[in-house]
Amino acid sequence: MSQAFRLHPGAHPGRVRLQVAELERSVAFYQGVLGLAVLTREEQHASIGAAGAATPLVELRERPGAAPVAPQGRLGLYHFALLLPDRGALGAFITHLSARGVRAGAADHRVSEALYLQDPDGLGIEVYADRPRTEWRYENGQLLMATNPLDVADIVAAAGGRRWDGMPAGTTMGHIHLHVGYLEEAAAFYRDGLGLEATVWSYPGALFLSAGGYHHHLGLNTWATGAPPPGEEDARLLDWEMLIPDSEGVAAAAANLRAGGHAVEPAEDGVLARDPWGTTLRLRAEATEAPGA
């Protein structure tokens, strides 16, 4: 698929900001089940990340009484995905979940191996490890992905008895996956506007896109067609970041979104844009330029 504008190949997702009903309950889950560390904590706000990291992966903002995600879902967040640095870490995480009695979904996507959970408000989370890029396969220019059974025993064996001591150093935000109303409109915003490149377009009801040849930094699906977008009183994704290596790349993406008729507004640390279903995207330069540079 050809396109006029491409996002900087070094772009990748950053932190997600979530609205939750009970901060204490959510912090306990993200610490105890996922093994993330609290980096900052205020009365109604907490930022959490891998142990020893300076940059958070998730920010939690409390709205008391926020409604949980309904069983039929909502438009917006399907899941955010934490990428572990290696397969052994995923094996240790599986053993950790089993010891705590936590049940999770599981899938082998050919390019990655993944577990799926929900937080106390029903917000979706994936924890996964990539297969080496040398093992990824393509057909007619399209990356081959699937949803196959996961060989859990083999992954646990890869841990070599390693204990789970929390999200390890090197854990990153691998991708974001969103429920959207229509794939064509979503592609107009995220591919033609933002400049992500399509990697998989024949998966039933879904489209996968990335920058720089990754299997996907963003998944889009119509599996919740007919569901409403979240409201102000709902537990939800407040916004997600796309980190771009420099301010020029941010400006170029913002200009291309505007040229496509999408509203873009300045923010303190970058720019904000909203997709057709109200999901907020924050574009931010990953590196801060020195004064006078």
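The sections below set out a description of the structure shown in this document. (Residues numbered from 1 in each chain as written. Predicted model: local features only at pLDDT ≥ 70, side-chain atom pairs only at ≥ 80, totals over all residues. Heavy atoms only, no water.)

Brief notes about the packing of aromatic side chains
Piece 1. In total, this model carries eight aromatic pairs according to the counting rule given.
Piece 2. Centre to centre, the rings of Phe29 and Tyr30 are 5.2 Å apart; their planes meet at 85 degrees, and the pair counts as edge-to-face. Residue Phe29 shares its accessibility class with Tyr30, and that shared class is buried.
Piece 3. Seen from their ring centres, Tyr190 and Trp240 are 6.4 Å apart, and the 35 degrees between their planes marks the pair as tilted. Taken together, the positions of Tyr190 in helix H4 (residues 183–193) and Trp240 in strand S15 (residues 236–244) put the pair 50 residues apart, joining distant regions of the chain.
Piece 4. The class for Tyr190 is buried, based on a relative accessible area of 0%.
Piece 5. Joined through ring pairs, the aromatic side chains of Tyr78, Tyr203, Phe208 and Trp223 make up one cluster. (Phe/Tyr/Trp six-rings, centres within 6.5 Å; stacked < 30°, edge-to-face > 60°. Buried < 20%, exposed > 50% of the residue type's maximum accessible area, 1.4 Å probe, protein only. Helix = DSSP H or I, 4+ residues; strand = E, 2+ residues; numbered from the N terminus.)

Concerning the sheet that holds strand S12 (residues 197–200)
Piece 1. Pairing is mixed in the open sheet, where eight strands are placed in the order S6-S7-S8-S5-S11-S14-S13-S12. The strands lining the two open edges of the sheet, one partner per strand, are strand S6 (105–108) and S12. When strand polarity is set aside, the average angle formed by the axes of neighbouring strands in this sheet is 25 degrees.
Piece 2. Looking at chain direction, strand S5 (residues 76–83) and strand S8 (residues 124–130) are connected through four bridges and run parallel. Within the sheet, the bridge partner assigned to Leu82 lies in S8 and is Val127. (Pairing = 2+ DSSP bridges. Axes fitted to C-alpha atoms, helices over the stretch in contact; angles between N-to-C directions.)

Examining the nonpolar core
Piece 1. Counting 71 residues, the largest nonpolar core has Leu18, Tyr30, Leu34, Phe80, Trp240 and Leu283 as the members making the most contacts within it.
Piece 2. For this core, the leading source of residues is helix H2 (residues 87–100), giving six residues.
Piece 3. When sequence neighbours within four positions are dropped, the list of residues in contact with Leu18 reads Tyr30, Val58, Glu59, Leu60, Arg61, Leu77, Phe80, Asp119, Leu123, Arg236, Leu237 and Leu238.
Piece 4. Formed by twelve residues, the second largest nonpolar core is a distinct cluster that contains Ala81, Trp136, Leu143 and Met145. (Core = buried A, V, L, I, M, F, W, Y, C linked by side-chain atoms within 4.5 Å. Contact = heavy atoms within 4.5 Å.)

Comments concerning the environment of Ser47
Piece 1. Positionally, Ser47 belongs in strand S3 (residues 45–49).
Piece 2. In this structure the C-alpha to C-alpha distance between Ser47 and Arg236, which are 189 residues apart in sequence, comes to 16 Å.
Piece 3. Not counting residues within four places of it along the chain, the set of residues in contact with Ser47 comprises Ala37, Val38, Leu39, Thr40, Pro56, Val58 and Glu59.

Thoughts on H4
Piece 1. Inspection of H4 places Ala186, Ala187, Phe189, Tyr190 and Gly193 among the buried residues, and these make up the whole buried set.
Piece 2. Residue Gly195 follows H4 closely and has a positive phi angle near 100 degrees.

Considering the pattern of salt bridges
Piece 1. Applying the stated criterion across every chain, the model contains 23 salt bridges.
Piece 2. The salt bridge involving Arg87 is made with Asp154; its shortest N-O contact spans 2.9 Å. One end of the pair, Arg87, is in helix H2; the other, Asp154, is in helix H3 (residues 152–158), with 67 residues separating them in the sequence.
Piece 3. Residues Arg131 and Glu135 are paired through a salt bridge, measuring 3.9 Å at the closest nitrogen-oxygen approach.
Piece 4. For Glu135, a relative accessible area of 41% corresponds to the partly exposed category. (Salt bridge = Lys/Arg side-chain N within 4 Å of Asp/Glu carboxyl O.)

Side note on the side chain of Gln3
Piece 1. Along the chain, Gln3 turns up in the segment before strand S1 (12–20).
Piece 2. The exposure class of Gln3 is buried, given its relative accessible area of 13%.
Piece 3. Within the structure, Gln3 has its side chain in polar contact with the backbone oxygen of Arg191 (distance 3.4 Å).
Piece 4. Leaving out residues up to four positions away in the same chain, Gln3 has contacts with Arg191, Gly195, Leu196, Glu197 and Ala198. (Polar contact = N/O pair within 3.5 Å; in protein donor to acceptor, adjacent residues only side chain to side chain.)

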